[in-house]
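Spelled out, the chains give:
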Amino acid sequence: MSTLRVALVQLHGCPTKKENITNAITQIRLAKERGARLIILPECFNSPYSTAEFARNAEEIPRGETSVALARVAAETGVYLVGGTYPEREGTKLYNTCPVFGPKGELLCKYRKMHLFDIDIPGRCTFRESAALTAGDQLATFTIGSLKIGLGICWDKRFAELTACYRQLGCDMMIFPSAFDTYTGPLHWDLLGRARALDNQMFVALVSPARDETAGYVAYGYSLLSDPWGRVLCRAKEVQETVFADIDLKMCEEIKQQIPVLRQKRTDLYELKAKQ
Ligand SMILES: NC(=O)CC(=O)C(=O)O
């Protein structure tokens, strides 16, 4: 395998959880028809992105209805499916969790958002995820052939050390299901995606919900995939749509030779260490 077709599925929000799941399944089937082998959904795709709504839509992973439906469609289509995120319930705690299903419908891993989205830009954007959710404390990776992929969720991409830890683990791709808002999106979305890609010489995919001006939280849209050079290979607009990129897996090795910054780190003077 020297190239991999990736689909970024930018979904619009539907009135109910059931309709969100049905819409996602339809789009996954269409992406498979167009040759995708790795399909990625957005953050919080089965629920409004609201601290007041998380509990109502939360479920156990992988026993809940969203996971069961995603596992089934992954097996039916034979794809790797990054199930965006949805609220996960474990005991009394809620998490913002990204599950990954393999081509047989098996749960390959799940990642719980490690940095919670607590933001306060008066008059622009205020959100306190930590009022409703518990932060995760584990990195999560999976592989497709020789490609090792790391997971983060939205706000996590602002913490450069996290992606650098995944680089240390040998990841050549990061996936961030995300939901930036319409103030931070235009300023930071591309910049952060491309910066993480360039710093770590890896592919970076950011997948957002479509924009809905009537929603309580208005997501930015513009899902994108950056290559290790910081070039945007595909980008959605604001509406529901799926965009595709064929990623060339040799590119990470080439750039590491040509621009050998990863080998030139002065670990005698500074060092990054994952504590797990
Ligand atoms: N929704 C998030 O977690 C993060 C976000 O919107 C931002 O970083 O801006």
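So, how was this worked out
Residues numbered from 1 in each chain as written. Predicted model: local features only at pLDDT ≥ 70, side-chain atom pairs only at ≥ 80, totals over all residues. Helix = DSSP H or I, 4+ residues; strand = E, 2+ residues; numbered from the N terminus. Rg over C-alpha atoms; globule rule 2.2 N^0.38 Å. Buried ≥ 20, exposed ≤ 12 C-beta atoms within 10 Å, placed from the backbone. UniProt positions renumbered as here; feature names shortened; annotations may be inferred. Near = placed C-beta within 6 Å. Nonpolar A, V, L, I, M, F, W, Y, C, P; charged D, E, K, R; others polar. Pairing = 2+ DSSP bridges. Right-handed = clockwise from strand over helix to strand, strands pointing away. Axes fitted to C-alpha atoms, helices over the stretch in contact; angles between N-to-C directions. Contact = placed C-beta atoms within 7 Å. Core = buried A, V, L, I, M, F, W, Y, C linked by C-beta atoms within 7 Å. Expected span 1.5 Å × (residues − 1). Parallel < 35°, antiparallel > 145°, perpendicular 65-115°, else oblique. Left-handed = near helix turned anticlockwise from the far one by under 90°.

Turning our attention to the overall build of the protein chain. Assigned secondary structure in the protein chain consists of 6 helices and 15 strands. For 276 residues, the compact-globule estimate of 2.2 N^0.38 gives 19 Å, and the C-alpha radius of gyration of the protein chain, at 18 Å, lies within 12% of that figure. Overall size of the protein chain, expressed as C-alpha extent along the three principal axes, is 50 × 45 × 35 Å. A total of 276 residues make up the protein chain; the buried ones form 44% of that total.

Further remarks concern the UniProt feature "domain: CN hydrolase" (unreviewed entry) in the protein chain. Per the UniProt record, "domain: CN hydrolase" (unreviewed entry) is annotated on residues 4-249. A helix fraction of 24% and a strand fraction of 30% characterise residues 4-249, whose end C-alpha atoms lie 8 Å from each other.

Here we come to the site of the ligand. Close to the ligand lie Phe117, Cys154, Trp155, Arg158, Ala179, Phe180, Asp181 and Thr184. Residues that form the shell around the ligand fall into these classes: 5 nonpolar, 1 polar and 2 charged.

The next subject is the pairing of strand β10 (residues 147-151). As judged from the 4 bridges shared by strand β9 (residues 141-144) and β10, these two strands associate in the antiparallel manner. Within β10, the residue paired with Phe142 across the bridge is Ile149. Counted between consecutive antiparallel strands, the loop separating β9 from β10 contains 2 residues, among which Gly145 sits at a positive phi close to 60°. What joins β10 to strand β11 (residues 173-177) is helix α4 (residues 160-168), and the crossover it makes is right-handed.

What follows deals with the sheet that holds strand β13 (residues 224-226). An order of β9-β10-β11-β12-β13-β14 is seen for the 6 strands of this open sheet, with the pairing classed as mixed. Each edge of the sheet is formed by a strand with only one pairing partner; in this case those strands are β9 and β14 (232-235). Each strand of the sheet is rotated relative to its neighbour by a mean of 20°, with strand direction disregarded. Of the strands in this sheet, β11, β12 (203-207) and β13 are in contact with helix α5 (residues 184-200), which crosses β12 at around 155°.

Our focus in this paragraph is the pairing of strand β6 (residues 107-112). Pairing between strand β5 (residues 93-101) and β6: 5 bridges, direction antiparallel. Within β6, the residue paired with Thr97 across the bridge is Arg112.

Working note: non-glycine residues mostly have negative phi, and peptide bonds are mostly trans. Residue Pro62 is reached from Ile61 by a cis peptide bond, and omega for that bond is 15°. The topology assignment puts Pro62 in the loop between α2 (54-57) and α3 (65-77). Here Cys44, not a glycine, exhibits a phi torsion of approximately 50°, which is positive. Relative to the elements of secondary structure, Cys44 occurs in the loop between β2 (38-40) and α2.

Now for the nonpolar core. One finds Val6, Leu8, Val9, Ile39, Ile40 and Ala205 to be the most contacted residues of the largest nonpolar core, which totals 71 residues. Sequence-distant contacts of Val9, defined by excluding residues within four places in its chain, comprise Gln27, Ile28, Ala31, Ile39, Ile40, Leu41, Val207 and Thr242.

Note on placement: Glu129 falls in the loop between β8 (125-128) and β9. As a C-alpha pair, Glu129 and Glu238 span 109 residues in sequence and 24 Å in three-dimensional space.

Between its first and last C-alpha atoms α5 spans 23 Å; for 17 residues at 1.5 Å apiece the expected length is 24 Å, and the two agree. Burial in α5 covers these residues: Gly185, Trp189, Leu192, Gly193, Arg196, Ala197 and Asn200. Tucked into the core, α5 has its buried residues touching α4, β11, β12 and β13. Positive phi appears at Gln201, one or two residues downstream of α5, with a value of about 50°.

For the pair helix α1 (residues 17-33) and α3, interaxial distance at closest approach is 11 Å and the crossing angle is 15°. Our classification of the angle between α1 and α3 gives roughly parallel. Once α1 is placed against α3, the crossing between them reads as right-handed. For the pair α1 and α3, contact is made by Ile21, Ile25, Ile28, Arg29 and Lys32 and by Thr66, Ala69, Val73 and Thr77, respectively.

With that out of the way, let us pick up the environment of Asn200. Considering the arrangement of structural elements, one finds Asn200 in helix α5. Between the C-alpha atoms of Asn200 and Met173, which are 27 residues apart in sequence, the distance is 9.2 Å. Those residues within four positions of Asn200 in sequence are excluded, and the remaining contacts are Thr163, Ala164 and Arg167.

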